[in-house]
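Residue-level listing of the chains:
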Amino acid sequence: MDPLLEQFLGEARENLSFIDQNIEGIGGDDPELLNSVFRAAHTLKGGSGIVGFESVKIITHHAEDLLDMLRAGKLDFAESMTEVLYDAFDEVLNLIDAAEESGGIVDADEERVSSIVEALSQQMGKELEGEKAWALPFTLLDDSSQIINFPLDGLNGINSQKVAFLNKPIDESFVKEQNFYAVTFDIDESCMVYGNDPIYALSLLGENVIAISSCITDDNSKAILSGTEDEDGLLLKTQLNAFVYGTYEEIEEALFNFSDEIELLPLDIDTLLKVNYGDSGHAIDSLKELCDIADDFDLKTIASEVRNSLELVGSDTIQYAQLKRFLDIGGLIKEEDTSKLKTFFKSLFKGEVYAGMQDNLPSDEAPAPSQNQSESPEMDETTQEILQNMFQQQYKAIDFIENDEDLARVVSILDKMKKFMPEIPDTFSSKAEVSSFIANELGLESSVEEVSVEQVSEPIAQVKQENISSQEVAIEQNTVELIEEEKPSIKKVVPKKEDKKSIVGKTVKIDQESIDSLMNVVGELLVAKNSLPYLADNVIGMTHDVIKREIMDKYIFINRLSEKLQDLIMGMRMLPISYVFDRYPKLVRDISKKLGKKVKLDMSGGETKLDKNMIEMLADPMIHIMRNSLDHGIEMPDVREKKGKDSSGTVTLSAFAQSDKIVIQIIDDGAGINVQRVADKVLEKGLMTSEEIDKLSEDEMAELVLMPGLSTAEEITEFSGRGVGMDVVKKSIEGFGGTIGIKTTANVGTTITLSIPVSLAVTSLLHILMDNIHYGIPMESVSETVKIDKSEIEYLHNEPFIYIRGEVIPLLFIDSMLDKSDMEEKPLSIVVLNIKGNMLAVVVNEFLGQLDVVQKPLVGIMEAHPLFSGTALLGNGQIIMSIDPHGLLGISASLKLKEQEEVA
Amino acid sequence: MASIMVVDDSKTVRSYHGSILKSFGLDVVEAENGMEALEKSLDAEIDLYLVDVNMPVMDGYSFITQLRKQANHKTVPVIMITTQAKEEDKASAYKVGANLFETKPIRPEQLKAYIDILVEM
């Protein structure tokens, strides 16, 4: 994607979310709030113009106008405005989304855009175009002396009275047609800082800009024109004058960012061009002259002719002064050049440019066609120069000879030169021959010449070789083209692969402080690294114990640093969860509008930070849950009223940190999940037996909706209810180590709680050993580790359990995984797990401590393994299996079942 | 009498070169762009082309490429005229089939020399 567009999209998102959050309050007492919303809209408009996002520009432009009128007190706030503004900015967000997805600017639905614009205009009390009395769309310059004094002030012979400013009334048709305007800008010195470059904006008008000048100095204006102005210069507060030929619409379009700063003064071209001869004491009036040359009175054509003339003569040798008048408008020409210009134009117009010099030429007679070849005509210096130049050019052209035609072309020129240079041979048989001849003439000792000496002795072979080499060249070129053709196609494929919808931009903003502390830690790490070679040098003569201690010392030091590094870098990856939250107000509005429901969205905890990747992954599941709440949870307004609830429902989104987890709650005050209906569905689909269902607690019943292939909504709506809902959500949340919980009360509402790890990258495991195999148990499930003597194990209904601080905890022996011989005569090592509130004690052979690892998920046939959730590498390269605590619960349950069966 | 075609989008440039050429007693055919020049090249017997690079509708490079495709225009001299000549511009000029390259404006005495060399009077 175009980096400029990418930056704009990122910024637009920020601004839109700001607007979205604050638009509700613009009718309030705080004028600063309205101002800040206005500024955000203004920035959006400016940015969209710069990247050329037309539809966004149009919408934001009108929204900005409305906000501006509110700000200025020209309009009173009305509730309906919020609605309209929401609509407008929602559409902008849609467009931004679409642009992000497609990687470029997208075309908007014009009807939609114009309906939004219409709604906004109605709020402003403006009727649509044509239906209302026409009004001048721009600010007229009230002080025309500004223009008269500058730069026309210094005009020779033409004073301000003679430059005709439009006296006739300005009407609609005048504004619609192309006209000549003097435009003045009072540029704010900070405009460049905000990226509003007036010169660039003017350049959008292209050839329509006839002259630009600034009020600083003539030199400065020239510098601006030539683009050599330095940055500081443009930071100066200055006034710019531009003479623009175009319709008002075109001017406004290019200069929309400056609409507050520009003033226009329509000029009368006809009068301007019809200044009488002699009026000013000049024999010929330059503009008149130019008009005749250009055959019409179109100022634009004249301006381009002026440019061509400048090109023709070269800017350093300005010799035609009759342009002075014209150029004077732009303050571009010096007094002393006038006479030179005058002569030039006078003579040019009469076609006498050359006539005057012909007498000076040594030979007026052209070389006679009958001239003998052996007899070269007299040559003046210029002809000699030209001949030399032609030789040089032909020598270069040889490089581009690819076929006989090309060769013939070069030879034909040499043929023509022969009448002045008899030494040129009559015929050339090959490229090399031509090349060697010219090189010789030019006095070049080239390698080509050497080759040609050999080749002359073998002309036939040489010609063949020539053919071959030209073929080779052709082949080479073909392959080059092929490769070049392939490149873009590869490029096209790559972005498609990366096309995954990304919520968060690829860039991360990092504060200076983080970088500084990162730098400090890296510095310390370097010191620590340097101590290792030192240790290596001194290792001889140390006892093993000493070496061990020394290495452990270093290890502790480096370990501390790497932990710090990890913390810092993880911190940089953290982003506020508002990145996800900010999308929801619009979503909620969209959906509730379509469903005809009234919904209020409360959000809190948007500042809670979460890993960047995690935020990406959360977005979709969250949307799903929200949709469910809106679609199935919140009732229609009339239903709610019957139930005695407020007619508008509330969805509350909150996020907060809880130890090393982030908890996100989506709470609605809707109808709640009809647990009985879910249970019926489960039965009906045969997913569980009625006995199994009867055993479930109320909460567990609610969680049945997470089972695959279940949808309780009677109707499938656009937003949810295709039966592939919550189970997918559950899977993806658990996919990155999170959990999902549902609590529901009929007619009070539903609370869905997502609990997710702060970061994906590193997991903490409790490192355990069972039968000499290493395993890890996620620390978040480990409640404590205890050593208990076997005698303390108690049995209830034949099932072992232990007491810890008075609590009864079932004990799990996994016989097949344990080394029983190791466990005799020793107290048992027991890991106490807390798995979603279920306590379980698991006997292991040994605990080895805590491990921070990068966990890799299981793939292939191991993917859905009931007991293991992933693998990780130990420091010594050994693989460690990570145990899924839920799997342990499963084993515990199946063991119970087995025993029960055995007992039975 | 020999004819020269001046192809340039600027009327000023055309009149400038045209008036000089006329003063040598040559026929001058003017064309505003490559397309017009191409059409006129079919009707008239032209002895030398002066061709601008940047023109609307059809630029100088495309014009020369098309011109060289005509059987009777394989070797007719073509001078490309431009404001500033960079090496790569020259390279593309030779590649499409221009014979020579000259910087605007061609001074009258230079133009005279070119005519003397390239055009049979």
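No experiment lies behind these values; they were computed from the predicted model shown.

So, about the overall build of chain B. Tallying secondary structure elements over chain B gives five helices and five strands in all. When its helices and strands are written in sequence order, chain B yields β-α-β-α-β-α-β-α-β-α. Counting the 121 residues in chain B, one finds 61% classified as buried. Taking all contacts inside chain B whose residues are at least 6 apart in sequence as the whole, residues at least 24 apart take part in 61%.

A few words on the overall build of chain A. From N to C terminus, chain A includes 33 helices and 23 strands. In chain A, the share of contacts with a sequence separation of at least 24, taken over all contacts with a separation of at least 6, comes to 68%. As displayed, chain A offers around 48700 Å² of accessible surface, 51% of which is attributable to carbon and sulfur atoms.

Right, let's talk about a nonpolar patch on the surface for a bit. Residues and elements named next belong to chain A. A cluster of nonpolar side chains, contributed by Met552, Tyr555 and Ile556, occupies part of the molecular surface with about 310 Å² of accessible area. Mapping Tyr555 onto the fold places it in helix α23 (residues 544–573). The exposure class of Tyr555 is partly exposed, given its relative accessible area of 46%.

So, about the packing of helix α4 (residues 79–102) of chain A against helix α25 (residues 584–595) of chain A. All names here are of chain A. Packing of α4 against α25 leaves a shortest axis separation of 11 Å and a crossing angle of 110 degrees. In terms of orientation, α4 and α25 fall into the roughly perpendicular class. Relative to α25, α4 is oriented so that their crossing is left-handed. Touching Tyr86, Asp87, Asp90, Leu93 and Asn94 of α4 are Lys586, Arg589, Asp590 and Lys593, all from α25. Class assignment of the residues belonging to the contact of α4 with α25 gives a composition of two nonpolar, one polar and six charged.

With that out of the way, let us pick up the nonpolar core. Counting 65 residues, the largest nonpolar core has Met417 of chain A together with Leu21, Leu50, Phe63 and Leu118 of chain B as the members making the most contacts within it. The residues contacting Phe63 of chain B, other than those within four sequence positions of it, are Val7, Gly34, Ala37, Leu38, Tyr49, Val51 and Met58 of chain B. Residues Ile591, Ile662, Ala679 and Met726 of chain A belong to the second largest nonpolar core, which totals 50 residues.

Bringing the side chain of Asn15 of chain A into the picture now. Here Asn15 of chain A lies in helix α1 (residues 3–22). Apart from the residues lying within four places of it in its own chain, the contact partners of Asn15 of chain A are Ala40, Thr43 and Leu44 of chain A.

Moving on, we come to the confidence of the model for chain A. Residues with a pLDDT of 70 or more make up 66% of chain A, whose mean pLDDT is 70. Scored below 50 in pLDDT, residues 713–724 of chain A shows 22 contacts in the model against residues more than four places distant or in partner chains.

Below, the discussion takes up the packing of aromatic side chains. Residue and element names in this part refer to chain A. Per the counting criterion, the structure on display carries seven aromatic pairs over all chains. An angle of 55 degrees between the planes, with centres 6.2 Å apart, marks the rings of Phe391 and Phe437 as tilted. Placement of Phe391 in helix α17 (residues 381–398) and of Phe437 in helix α19 (residues 431–441) is noted, with a sequence separation of 46 residues between them. A relative accessible area of 2% means that Phe391 is categorised as buried. With relative accessibility at 15%, the residue Phe437 sits in the buried group.

In this section: the packing of helix α26 (residues 612–633) of chain A against helix α31 (residues 726–735) of chain A. All names here are of chain A. Taken N-terminus to C-terminus, the directions of α26 and α31 make an angle of 150 degrees; their axes are 10 Å apart at the nearest point. By the angle between their axes, α26 is roughly antiparallel relative to α31. Handedness of the α26/α31 crossing: left-handed. Along the contact surface, α26 presents Leu618, Pro621, His624, Ile625 and Asn628, while α31 presents Met726, Val729, Ser732 and Ile733. A breakdown of the residues in the contact of α26 with α31 according to their chemical character gives six nonpolar, three polar and no charged.

Here we take up the sheet that holds strand β11 (residues 749–757) of chain A. Residues and elements named next belong to chain A. Strand order in the open sheet formed by five strands is β6-β8-β9-β11-β10, and the pairing between neighbours is mixed. Unpaired on one side and paired on the other, β6 (599–604) and β10 (739–745) mark the two borders of the sheet. Taken pair by pair, the neighbouring strands of this sheet meet at an average axis angle of 15 degrees, ignoring direction. Relative to β11, strand β9 (residues 661–668) runs antiparallel, the two sharing eight bridges. Opposite Ile666, over in β11, you have Ile752 as the bridge partner. Its contacts with the sheet put α25 on β6 and β8 (649–658), and the angle it makes with β6 is roughly 165 degrees.

Backbone geometry at Asp771 of chain A places phi at a positive 50 degrees, although glycine is not the residue there. Along the chain, Asp771 of chain A falls in the loop between β12 (763–770) and β13 (773–778). A relative accessible area of 33% places Asp771 of chain A in the partly exposed class. The phi dihedral of Val57 of chain B is positive, around 65 degrees, even though this residue is not glycine. With respect to the helices and strands, Val57 of chain B occurs in the loop between β3 (48–52) and α3 (60–69).

This brings us to the sheet that holds strand β20 (residues 846–853) of chain A. All names here are of chain A. An order of β20-β12-β13-β23-β22-β21 is seen for the six strands of this open sheet, with the pairing classed as mixed. The sheet is open, and its two edges are formed by β20 and β21 (856–857), each paired on a single side. The pairing of β21 with strand β22 (residues 868–873) spans two bridges and is classified as antiparallel. Its bridge partner lying in β22, Lys856 is registered against Thr871.

Residue and element names in this part refer to chain A. Taken across its eight residues, β12 has seven buried, putting it largely inside the fold. In terms of strand pairing, β12 meets β13 through six bridges, oriented antiparallel. Directly across from Leu769, in β13, lies its bridge partner His774. With antiparallel pairing between neighbouring strands as the criterion, β12 and β13 make up a hairpin whose turn holds two residues, including Asp771 at a positive phi of roughly 50 degrees.

Let us look at a negative patch on the surface. Residues and elements named next belong to chain A. A surface patch of like charges, here negative, comprises Asp107, Asp109, Glu110 and Glu111. Tracing the chain through its elements places Asp107 in the loop between α4 and α5 (110–123). Exposure remark for Asp107: the relative accessible area of 77% places this residue in the exposed category.

Attention now moves to α4 of chain A. Spanning 24 residues, α4 of chain A covers 35 Å between terminal C-alpha atoms, matching the ideal 34 Å at 1.5 Å per step. Gly103 of chain A lies just past α4 of chain A and shows a positive phi near 75 degrees.

Here the focus is the pattern of salt bridges. For the coordinates displayed, the defined rule picks out 25 salt bridges over all chains. In this structure, Asp406 of chain A engages Arg409 of chain A in a salt bridge whose closest nitrogen and oxygen atoms are separated by 3.3 Å. With Asp406 of chain A and Arg409 of chain A both in helix α18 (residues 404–417) and three residues apart, this pair spans about one turn of that helix. In this structure, the salt-bridge partner of Lys40 of chain B is Glu36 of chain B, at a minimum N-O distance of 2.9 Å. Of this pair, Lys40 of chain B and Glu36 of chain B both sit in helix α2 (residues 34–43), separated by four residues, roughly a single helical turn. Counted as one network, the salt bridges with shared partners bring together Glu635, Arg640, Lys643, Lys645 and Asp669 of chain A.

About the criteria used
- Residues numbered from 1 in each chain as written.
- Chains lettered and ligands numbered in written order.
- Predicted model: local features only at pLDDT ≥ 70, side-chain atom pairs only at ≥ 80, totals over all residues.
- Heavy atoms only, no water.
- Helix = DSSP H or I, 4+ residues; strand = E, 2+ residues; numbered from the N terminus.
- Buried < 20%, exposed > 50% of the residue type's maximum accessible area, 1.4 Å probe, protein only.
- Contact = heavy atoms within 4.5 Å.
- Areas by Shrake-Rupley, 256 points an atom, 1.4 Å probe, with all protein chains shown as cover.
- Patch = residues over 30% accessible without salt bridge, like charges linked within 9 Å, V, L, I, M, F, W, Y side chains within 5 Å.
- Salt bridge = Lys/Arg side-chain N within 4 Å of Asp/Glu carboxyl O.
- Axes fitted to C-alpha atoms, helices over the stretch in contact; angles between N-to-C directions.
- Parallel < 35°, antiparallel > 145°, perpendicular 65-115°, else oblique.
- Left-handed = near helix turned anticlockwise from the far one by under 90°.
- Nonpolar A, V, L, I, M, F, W, Y, C, P; charged D, E, K, R; others polar.
- Core = buried A, V, L, I, M, F, W, Y, C linked by side-chain atoms within 4.5 Å.
- pLDDT = per-residue confidence, 0-100.
- Phe/Tyr/Trp six-rings, centres within 6.5 Å; stacked < 30°, edge-to-face > 60°.
- Pairing = 2+ DSSP bridges.
- Lys, Arg positive; Asp, Glu negative; His and termini not counted.
- Charge placed at Lys NZ, Arg CZ, Asp CG, Glu CD.
- Expected span 1.5 Å × (residues − 1).

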